[in-house]
Amino acid sequence: MTEQLAAALAAEEAAIYAYGVIGVHLTDADEVSRARAADLEHRARRDTLVDRIDDAKASAAPAPAAYQLPFEVTDREGALKLAVHVEDGVAQAWRALLPATEGEDRLDALSHLTDSAVRATRWRRIAGVTPLTMAFPGRPG
């Protein structure tokens, strides 16, 4: 399970970095507020994951100083596309924890997967992307 926790941590750290880029390109107050709330949620999850990994007497790779974005973000459209991409990626990381966990840990993983899937859906709606939802959130491709 430590490997899956480390992957979830990496996804949360990447999301934090991405929301820094996303926020720069949003001008609508509601969108900026959503991006800030998402950033804070990912930061809280990151902190919890660091504690869980530490409690397990394990370690994870340090977060890189910067990340290679999957595509160039130069405007609102690109920022919204990145927000969807990031939330889908975080959902995938949490989905990988489901078979490796049970009880409260599984409920937490499912809750985080669901939160990211819902957030991705909201970003799709704002961006005017269809379909709004994925058939199986968190499933790759």
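Residues numbered from 1 in each chain as written. Predicted model: local features only at pLDDT ≥ 70, side-chain atom pairs only at ≥ 80, totals over all residues. Heavy atoms only, no water.

**Remarks on the packing of aromatic side chains**
Each pair of aromatic rings is reported with the distance of its centres and the angle of its planes.
Move 1: By the definition in use, this model includes two aromatic pairs.
Move 2: Arranged with centres 5.2 Å apart and planes meeting at 45°, the rings of Tyr17 and Tyr67 form a pair that is tilted. Placement of Tyr17 in helix H1 (residues 2–24) and of Tyr67 in the loop between helix H2 (29–55) and helix H3 (76–95) is noted, with a sequence separation of 50 residues between them.
Move 3: In this structure Tyr17 comes out as partly exposed when scored by relative accessible area, which is 29%.
Move 4: Tyr67 gets classed as partly exposed once you look at its relative accessible area, which sits at 22%.
Move 5: Across from the ring centre of Phe71, 4.5 Å away, lies the NZ or CZ of Lys81, which sits over that ring. (Phe/Tyr/Trp six-rings, centres within 6.5 Å; stacked < 30°, edge-to-face > 60°. Helix = DSSP H or I, 4+ residues; strand = E, 2+ residues; numbered from the N terminus. Buried < 20%, exposed > 50% of the residue type's maximum accessible area, 1.4 Å probe, protein only. Lys NZ or Arg CZ within 6 Å of the ring centre and 35° of its normal.)

**Observations regarding the packing of H2 against H3**
Move 1: In contact at an axis separation of 13 Å, H2 and H3 are set at 25° when each is read in the N-to-C sense. By the criterion of interaxial angle, the relationship of H2 to H3 is roughly parallel. Between H2 and H3 the crossing geometry is left-handed. Between H2 and H3, the residues in contact are Glu31, Ala38, His42, Arg45 and Leu49 and Arg76, Glu87, Val90 and Trp94, respectively.
Move 2: By residue class, the composition of the contact of H2 with H3 is four nonpolar, one polar and four charged. (Axes fitted to C-alpha atoms, helices over the stretch in contact; angles between N-to-C directions. Parallel < 35°, antiparallel > 145°, perpendicular 65-115°, else oblique. Left-handed = near helix turned anticlockwise from the far one by under 90°. Contact = heavy atoms within 4.5 Å. Nonpolar A, V, L, I, M, F, W, Y, C, P; charged D, E, K, R; others polar.)

**Here's the deal with the layout of surface pockets**
Move 1: Size it by volume and the largest pocket reaches roughly 200 Å³.
Move 2: Around the largest pocket, the lining comprises 14 residues; the ones closest to its centre are Ala14, Ala15, Pro70, His85 and Val86.
Move 3: Classifying every residue of the lining of the largest pocket gives 11 nonpolar, three polar and no charged. (1 Å grid on protein atoms, 1.4 Å probe; cavity = no way out; pocket = protein on both sides within 12 Å on 5 of 7 lines; lining within 4 Å. Points joined across faces, edges and corners; volume = space filled by probe spheres on them.)

**Side note on the pattern of salt bridges**
Move 1: Scanning the model with the defined rule gives 10 salt bridges in all.
Move 2: One salt bridge connects Glu31 with Arg76, and the closest N-O pair in it is separated by 2.6 Å. Taken together, the residues Glu31 in helix H2 and Arg76 in helix H3 connect sequence positions 45 residues apart.
Move 3: Connected via shared salt-bridge partners are Glu12, Glu41, Arg45 and Asp115. (Salt bridge = Lys/Arg side-chain N within 4 Å of Asp/Glu carboxyl O.)

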